[in-house]
Amino acid sequence: MSVPNVIVHRDAEVLAQAVAARLITRLADTQAARGSAHLVLTGGTVGIATLAALAGSKARDAIDWRALDVWWGDERFLPAGNPERNETGARAALLDHVDLDPVRVHAMPAADSGLTAEEAAEVYAAELEKASRPEDHGLVPSFDVLLLGMGPDSHVASLFPGQPALYEEERSVVAVHGSPKPPPTRLSLTLPAIKAAREVWIVAAGAEKAQAVHLALSGAGPIQVPAAGARGSRRTLFLLDRAAAGKIPPGLGRIASP
Ligand SMILES: O=C(O)[C@H](O)[C@@H](O)[C@H](O)[C@H](O)COP(=O)(O)O
């Protein structure tokens, strides 16, 4: 499990642009090396702002969109097309504006699919397993970049402090009920699935996230501080604006923007 690196940007706008630029470089390099890439998206305002910045970048087509597999780290269990679904936000911000192979866009099942949330979690877990290769040694592909937003309570994906989903050690996807962040029913990758990613990037902006960032970087346990358990196998980045970095120990963050 990788030790986190912290990179601090001036504000939320620069953060979104910088994460988009970082994504372009990372995905293009990965595709140059291996011919394809797996990217996991997150919901939330910072996650979607990053996708919008990527859509607006003149360099975006350095990514071979036809050779990109897009997954989600979590989803609100709502009917297809509902504006609150993470997929809906991602399509509006980016996915509907680039030439992706539709077969390689792996949305989590919607609430009007005829599946219960538990069945939907099983369906998505099966899709992940089908995409994993022998060299991945597990139930999910070795995601090249897994994006995570983070709540003020340090939740990531739909893994909320103290909830049963955090204790899951076998399954890759679970149904979440009683989410403190509406809507109450969600689907989420589990920590084992998140930790299968080569790189985990936690993107957070705003002073309300500063305490969660401090806890996530201070050796706290993942049950009470889920972001503390979100680590990539090769690299973990905390990509923050100055406000969200306001409580990290001095010297830990590298200010990337003047
Ligand atoms: O479905 C969701 O809501 C997200 O996946 C969630 O994990 C989000 O990323 C965080 O709550 C941060 O959201 P903000 O960036 O809007 O604070």
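Provided above is the structure to which this section pertains.
Just so it is clear, the model here is predicted, and its values are computed rather than measured. (Residues numbered from 1 in each chain as written. Predicted model: local features only at pLDDT ≥ 70, side-chain atom pairs only at ≥ 80, totals over all residues. Heavy atoms only, no water.)

A. Representation of unusual backbone geometry. Between Pro 182 and Pro 183 the backbone carries a cis peptide bond, its omega angle lying at 0 degrees. Summarising the element assignment, Pro 183 is placed in the loop between strand E6 (173-176) and strand E7 (186-189). In the Ramachandran plot, His 137 falls in the positive-phi region, its phi being about 50 degrees despite a non-glycine side chain. As for its position among the elements, His 137 is in the loop between helix H4 (117-131) and strand E5 (145-148). Judged by its relative accessible area of 73%, His 137 is exposed. One non-glycine residue, Ser 154, lies in positive phi territory at about 75 degrees. (Helix = DSSP H or I, 4+ residues; strand = E, 2+ residues; numbered from the N terminus. Buried < 20%, exposed > 50% of the residue type's maximum accessible area, 1.4 Å probe, protein only.)

B. Quick look at the layout of surface pockets. Each pocket or cavity is described by its volume, and for the largest pocket that value is around 280 Å³. What lines the largest pocket is a set of 20 residues, and nearest its centre among them are Gly 43, Gly 44, Thr 45, His 155 and Lys 181. The set of elements that each furnish at least two residues to the lining of the largest pocket consists of helix H2 (45-55) and strand E4 (74-76). Counting residues per element, the lining of the largest pocket draws most heavily on H2, at three residues. The class makeup of the residues in the lining of the largest pocket is six nonpolar, nine polar and five charged. Taken as a whole, the second largest pocket spans an internal volume of roughly 230 Å³. Lining the second largest pocket are 15 residues, with Arg 171, Val 173, Val 174, Ala 175 and Val 176 positioned closest to its centre. (1 Å grid on protein atoms, 1.4 Å probe; cavity = no way out; pocket = protein on both sides within 12 Å on 5 of 7 lines; lining within 4 Å. Points joined across faces, edges and corners; volume = space filled by probe spheres on them. Nonpolar A, V, L, I, M, F, W, Y, C, P; charged D, E, K, R; others polar.)

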